[in-house]
Amino acid sequence: MKFSKFGQKFTQPTGISQLMDDLGDALKSDQPVNMLGGGNPARIDAVNEVFLQTYQALGQDILNAERDASIKEKHSDNTALNSMSNYSNPQGDAAFIDALVEFFNRHYDWNLSADNIALTNGSQNAFFYLFNLFGGAFSDNKLDEHNSDEQTVDKSILLPLAPEYIGYSDVHVDGQHFMSVLPHIDEVSHDGEEGFFKYRVDFEALENLPALKEGRIGAICCSRPTNPTGNVLTDEEMEHLAEIAKRYDVPLIIDNAYGMPFPNIIYSDVQLSWDDNTILCFSLSKIGLPGVRTGVIVAAPEVIAAVSAMNAVVNLAPTRFGAAIAKPLVENDRIKQLSDNDIKPFYQQQAKLAVRLLKEALGDYPLMIHKPEGAIFFWLWFKDLPITTLELYERLKDKGTLIVPSQFFFPGVDVSDYQHAHECIRMSIAADEQTLTDGIAVIGEVVRELYDKAK
Ligand SMILES: Cc1ncc(COP(=O)(O)O)c(C=O)c1O
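Residues numbered from 1 in each chain as written. Predicted model: local features only at pLDDT ≥ 70, side-chain atom pairs only at ≥ 80, totals over all residues.

### Description of the nonpolar core
Within the largest apolar cluster, 122 residues are counted, with the highest numbers of intra-cluster contacts made by L100, I117, I220, I253, I297, L380 and I429. For this core, the element with the most residues is helix α13 (residues 334-362), which contributes nine residues. Residue assignment places this core across two domains, with domain 1 (5-43 + 338-454) and domain 2 (87-334) each supplying three or more. Ignoring sequence-local partners within four residues, the contact set of I297 consists of I117, A118, T120, A126, I279, C281, I304 and V307. (Core = buried A, V, L, I, M, F, W, Y, C linked by C-beta atoms within 7 Å. Buried ≥ 20, exposed ≤ 12 C-beta atoms within 10 Å, placed from the backbone. Helix = DSSP H or I, 4+ residues; strand = E, 2+ residues; numbered from the N terminus. Domains from an automatic or database assignment. Contact = placed C-beta atoms within 7 Å.)

### Looking at the packing of helix α6 (residues 94-107) against helix α12 (residues 321-331)
Following both chains from N to C, one finds α6 and α12 inclined at 30°, their axes separated by 9 Å at the closest point. By the criterion of interaxial angle, the relationship of α6 to α12 is roughly parallel. Classified by chirality, the crossing of α12 by α6 is left-handed. Counting all contacts with α6, which are made through A95, F96, A99, L100 and F103, the residues of α12 involved are A323, A326, K327, V330 and E331. (Axes fitted to C-alpha atoms, helices over the stretch in contact; angles between N-to-C directions. Parallel < 35°, antiparallel > 145°, perpendicular 65-115°, else oblique. Left-handed = near helix turned anticlockwise from the far one by under 90°.)

### What to know about the site of the ligand
Taken together, 14 residues sit near the ligand, with G122, S123, Q124, S283 and S285 positioned nearest. Each residue belonging to the shell around the ligand can be placed in one class, and the counts come to three nonpolar, ten polar and one charged. (Near = placed C-beta within 6 Å. Nonpolar A, V, L, I, M, F, W, Y, C, P; charged D, E, K, R; others polar.)

### So, the sheet that holds strand β15 (residues 404-405)
With mixed pairing, six strands are arranged side by side in an open sheet as β6-β7-β12-β13-β16-β15. Two strands close off the open sheet at either side, each with one partner strand: β6 (184-190) and β15. With three bridges joining them, strand β12 (residues 367-370) and strand β13 (residues 377-382) adopt antiparallel strand pairing. Looking at β13, one finds that L367 is bridged to F382. (Pairing = 2+ DSSP bridges.)

### Digging into the packing of helix α3 (residues 45-67) against α13
α13 packs onto α3 with a crossing angle of 160° between their chain directions and a minimal axis gap of 10 Å. If you check the angle between α3 and α13, you find them roughly antiparallel. Listed contacts from α13 to A46, V47 and V50 of α3 are R334, L338, D342 and I343. Residues belonging to the contact of α3 with α13 are distributed by class as follows: five nonpolar, no polar and two charged.

### Some points on the domain arrangement of the protein chain
What the domain assignment lists for the protein chain is domain 1 (5-43 + 338-454) and domain 2 (87-334). Each of domain 1 and domain 2 has a C-alpha centre, and the two are 24 Å apart. Those elements giving two or more residues to the side of domain 1 that touches domain 2 turn out to be α13, β12 and β13. The greatest single-element share of the side of domain 1 that touches domain 2, amounting to seven residues, is contributed by α13. Residues belonging to the side of domain 1 that touches domain 2 are distributed by class as follows: 21 nonpolar, eight polar and five charged.

### Things to note about α13
Helix length check: α13, at 29 residues, gives a terminal C-alpha distance of 40 Å against a target of 42 Å (1.5 Å per residue), a fit within 8%. At D340, α13 shows its maximal kink, close to 35°. Buried within α13 are the following residues: I335, L338, S339, I343, F346, Y347, Q350, A351, A354, L358 and L362. The elements touched by buried residues of α13 are α3, α12, β12, β13 and α15 (433-454). (Expected span 1.5 Å × (residues − 1). Bend = angle between axes of the 7 residues up to and from the residue.)

### Considerations on the pairing of strand β4 (residues 152-159)
Pairing of strand β3 (residues 136-139) with β4 involves four bridges; the strand directions are antiparallel. In the strand pairing of β4, A137 is matched with D154. Judged from the three bridges that link them, β4 and strand β8 (residues 217-223) form a sheet pairing that is parallel. The residue bridging L158 from the neighbouring strand is I220, located in β8.

### Remarks on the environment of L63
Positionally, L63 belongs in helix α3. Along the sequence, L63 and A80 sit 17 residues apart, while their C-alpha atoms lie 9.7 Å from each other.

Quick look at the structure:
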């Protein structure tokens, strides 16, 4: 069978699709595996209990409405039954959007209306839309005097701080349109201990990018906290990025999948800002609901209208199930309380455990840990490791431990001569204590042997 160029682009095997298959196979296999590779959130009992109660209330609501015609009529737009048995409009479930407007306006001074919010089937779906809206071929308004044919300009999404989220890499319908800026690497201490580093935006390199000055950047995007590193860009860095975005008249997209106010897996003391040049992307996944596939975009009405139009073509309407589950939790702020009191402390505890285990296993070796500031991952840097971390990944896999090697986290960068991109790994800290302990023990054993042999 022959596929179109579009078909070929989306079906071609990539290094990362192979890795993702490995992760999926490992989950299905009956061999014990230390799964430190995936992006699944942890199962947190207190949080799951609340979801269970919400499912039960939803089921009861549907039963009641079925039994009692008067309830059905009275709540015709509001019952779970009605929300599930009708498509929403392409912007998404209106009652959930209204609840989100009130929620955000209660906690921030953003002054939002329903025209500022659209829902998507997960935030990955949002990035597919946004990166194709702002990256790729643009028609140039200035027509060539001697030629009436339309001129096009190819624009990229600027990632101001690589490494960045692996899921961005292949979303463009045609080619890849990313430009990334490599980080400054600062050695820092963490909880009074040495052996940590933090990435910072290299603003000098960024401001001197010819593409920025020549109008070949369509949007700036960063995840904050960052997947894969657990970095949190500082408020000063965010203000500077927002100023550059305004100066060049492009939007600043903030991927807030791990940020505040939910799931709030963020330990540094920072603020979340929004204005109408900012596109904020939220997700229900990391509060523990990746299966409901619900993303939330907060942006200017023009962007919301564009996303809604894309929803209509691609999905008719986004899923209403996540909206039905999350609406009561947003209305009564439970989503924020769960994030502050259960989700954040859980990952903070996991981060402490992971630091202790890593220091015990590799404290005397050239391991550097990215300062854990948020998200559900650790980013480990093995300075001058004698093999690439892609090879390390294979050796760890043979010993039943899965991580993700660093080279795939640099969209828009030619990593062939950037050694740092071959010396790091991403390790999830969402696993249970035993898995984390066993997995780090295997990493320690393999990495120690590699360094020892190279002496
Ligand atoms: C930084 C980041 N952005 C976006 C996503 C996509 O999340 P979802 O589509 O489940 O909302 C993920 C998932 O792991 C992520 O880590």
